[in-house]
Amino acid sequence: MAVSTAIANCPSCGRRNRVPAAARGHPRCSVCHADLPWLVDAGDDDFTEVVERSALPVLVDVWAPWCGPCRMVAPVVEQLATERAGRMKVAKVNADLAPATSARHRITGIPALLVYANGREIGRTVGALPPEQLRQWVDATVSAAPSARP
Ligand SMILES: [Zn+2]
């Protein structure tokens, strides 16, 4: 199955890089090798590969185009990908296009923010948190994650 790609601007040198939705390790700039923001889309076909098999913890943003509160958290979620480049991946899941993933996670309200580490969901919050609260929740959840399997 082809792995989709996204474009990330290097926070260090500004170079536009193509980053794969799934990869071993994490993406670095082709010019200066800085850690790149890893912000990708995931859906029913590639959720396992993009999220569950990720070497980095993943913040999963389940959203939909018609959802107002989703638009409030989206900029913060996308900024977190830049702020946590090299340490965290961000995957956006459009609930309308990923009914199986939504059903499997029993998503009943959006935005739903899930943190995945080592292939398992380790935390979830539903609804639009204020930016600072969202950052704190993400940091607390990720730092409580069990360390990677040997
Ligand atoms: Zn660079």
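The rules behind each value
Residues numbered from 1 in each chain as written. Predicted model: local features only at pLDDT ≥ 70, side-chain atom pairs only at ≥ 80, totals over all residues. Heavy atoms only, no water. Donors = N, O, S within 2.8 Å, 3.2 Å for Na, K, Ca; no water. Tetrahedral: all angles 85-135°; square planar, octahedral: opposite > 155°, others 65-115°. Helix = DSSP H or I, 4+ residues; strand = E, 2+ residues; numbered from the N terminus. Buried < 20%, exposed > 50% of the residue type's maximum accessible area, 1.4 Å probe, protein only. Disulfide = S-S within 2.5 Å. Pairing = 2+ DSSP bridges. Axes fitted to C-alpha atoms, helices over the stretch in contact; angles between N-to-C directions. Contact = heavy atoms within 4.5 Å. Expected span 1.5 Å × (residues − 1). Bend = angle between axes of the 7 residues up to and from the residue. Parallel < 35°, antiparallel > 145°, perpendicular 65-115°, else oblique. Left-handed = near helix turned anticlockwise from the far one by under 90°. Nonpolar A, V, L, I, M, F, W, Y, C, P; charged D, E, K, R; others polar.

> Looking at this structure, how should I read the coordination of the zinc ion?
Coordination angles at a metal have ideal targets, namely 109.5 degrees for four tetrahedral donors and 90 or 180 degrees for six octahedral donors. Here the zinc ion is held by the protein donor atoms Cys 10 (SG), Cys 13 (SG), Cys 29 (SG) and Cys 32 (SG), which lie 2.3 Å from it. Considering all four donor atoms around the zinc ion, angles at the metal cover 103 to 119 degrees and the coordination shape is tetrahedral. Sequence spacing of the donor residues for the zinc ion, all on one chain, is C-x2-C-x15-C-x2-C. One end of the pair, Cys 10, is in the loop between β1 (5-9) and β2 (16-20); the other, Cys 29, is in the loop between β2 and β3 (39-41), and 19 residues separate them in sequence. Taken as a pair, Cys 10 and Cys 29 share a single burial class, namely buried.

> Is there a simple way to explain the state of the cysteines in this structure?
Any covalent bond linking the sulfur atoms of two cysteines counts as a disulfide. For the structure shown, the criterion picks out one disulfide. There is a disulfide in this structure between Cys 67 and Cys 70, and the S-S distance comes to 2.2 Å. The chirality of the disulfide connecting Cys 67 with Cys 70 is right-handed, given an S-S dihedral of about 85 degrees. With respect to burial, Cys 67 and Cys 70 carry one shared label: buried.

> Help me understand the sheet that holds strand β4 (residues 58-63), please; the structure alone is not making it clear to me.
Consider a sheet: its strands pair through backbone hydrogen bonds, and that pairing is either parallel or antiparallel. In space, the five strands of this open sheet follow the order β3-β5-β4-β6-β7, with mixed pairing throughout. Looking at which strands have only one partner, the edges of the open sheet turn out to be β3 and β7 (120-126). Pairwise comparison of adjacent strand axes, ignoring direction, gives a mean angle of 25 degrees for this sheet. The sheet strands contacting helix α2 (residues 68-83) are β3, β4, β5 (89-94) and β6 (112-117), and the helix crosses β4 at an angle near 160 degrees.

> How should I be thinking about α2 in this particular structure?
Helix length check: α2, at 16 residues, gives a terminal C-alpha distance of 24 Å against a target of 22 Å (1.5 Å per residue), a fit within 8%. The axis of α2 is deflected most strongly, by about 30 degrees, at Ala 74, and proline Pro 75 appears within four residues downstream. Those residues of α2 that sit buried are Cys 70, Val 73, Ala 74, Val 76, Val 77, Leu 80 and Ala 81. As for α2, its buried residues are in contact with β3, β4, β5, β6 and α4 (131-143).

> Which parts of the structure should I look at to understand the packing of α2 against α4?
Their axes nearest at 11 Å, the elements α2 and α4 cross at an angle of 50 degrees. Comparing their axes, α4 and α2 come out oblique. Crossing hand, α2 versus α4: right-handed. Contacts between α2 and α4 involve Val 76, Val 77, Gln 79, Leu 80 and Glu 83 from the first element and Pro 131, Leu 134, Arg 135 and Val 138 from the second. A breakdown of the residues in the contact of α2 with α4 according to their chemical character gives six nonpolar, one polar and two charged.

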